[in-house]
Amino acid sequence: MAKLKPEIVTREANFDVLNVPLFEITGKNEKRFIMTEETVDGFIAVHNKLKEDKEFLPTVFIGHNGNREEQPAIGFFDNIRRIGKQVYVDFVNMKPFAKYMMDGFPYRSMEII
């Protein structure tokens, strides 16, 4: 199965990064639970429902475990999808400075809170 390649799309003031690989489903114990295709499909269904009903998109931050009130959001997750065992996401409405920060943070992970 072909992997998607990230693509940057510039908007008026901000930008989107499409087809960002978020993680690959391994079926191994990932700290608190076992990540399976069914688990990921459930996350995707909840994301789509929240987006449709509440117009809610998860926020993108730099870093983990910090006080979110003190960390500025740099954009949003959208279009979470699974192709085979790979999970992709689009980072949308990203702040201009985030383009430079992303080069310094090549690895991504999800923090579910």
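Residues numbered from 1 in each chain as written. Predicted model: local features only at pLDDT ≥ 70, side-chain atom pairs only at ≥ 80, totals over all residues. Heavy atoms only, no water.

Novice: What am I meant to see in a nonpolar patch on the surface here?
Specialist: A contiguous nonpolar patch, built from Val46, Leu50 and Phe56 and spanning about 250 Å² of accessible area, is present on the exposed surface. Looking at the element boundaries, valine 46 is found in helix α1 (residues 37-54). Under the relative-accessibility criterion, valine 46 is labelled partly exposed at 49%. (Patch = residues over 30% accessible without salt bridge, like charges linked within 9 Å, V, L, I, M, F, W, Y side chains within 5 Å. Areas by Shrake-Rupley, 256 points an atom, 1.4 Å probe, with all protein chains shown as cover. Salt bridge = Lys/Arg side-chain N within 4 Å of Asp/Glu carboxyl O. Helix = DSSP H or I, 4+ residues; strand = E, 2+ residues; numbered from the N terminus. Buried < 20%, exposed > 50% of the residue type's maximum accessible area, 1.4 Å probe, protein only.)

Novice: I'm lost on the pairing of strand β6 (residues 75-83) in this one. Help?
Specialist: Side-chain positions along a regular strand alternate between the two faces of the sheet. Across two bridges, the pairing between strand β5 (residues 59-60) and β6 is antiparallel. Of the residues in β6, the one forming a bridge with valine 60 is glycine 75. Sheet analysis places β6 next to strand β7 (residues 86-94), joined by six bridges and oriented antiparallel. Within the sheet, the bridge partner assigned to isoleucine 83 lies in β7 and is glutamine 86. What sits between the antiparallel neighbours β6 and β7 is a turn of two residues, in which glycine 84 has the positive phi angle 65 degrees. (Pairing = 2+ DSSP bridges.)

Novice: Is there a simple way to think about the environment of threonine 10 in this case?
Specialist: Relative to the helices and strands, threonine 10 is located in strand β1 (residues 7-10). You can call threonine 10 exposed: its relative accessible area is 59%. Between the alpha carbons of threonine 10 and proline 96 there is a distance of 9.4 Å; along the sequence they are 86 residues apart.

Novice: Can you help me understand the pattern of salt bridges in this one?
Specialist: When charged atoms on two side chains of opposite charge get close, those side chains can pair. Considering all chains together, one arrives at six salt bridges under this definition. Measuring nitrogen to oxygen at the nearest pair gives 3.2 Å for the salt bridge that ties arginine 81 to aspartate 90. Here the two residues arginine 81 and aspartate 90 agree in accessibility, since each one is buried. Several salt bridges share partner residues, and in doing so they unite Glu37, Asp41, Arg82 and Lys85 into one network.

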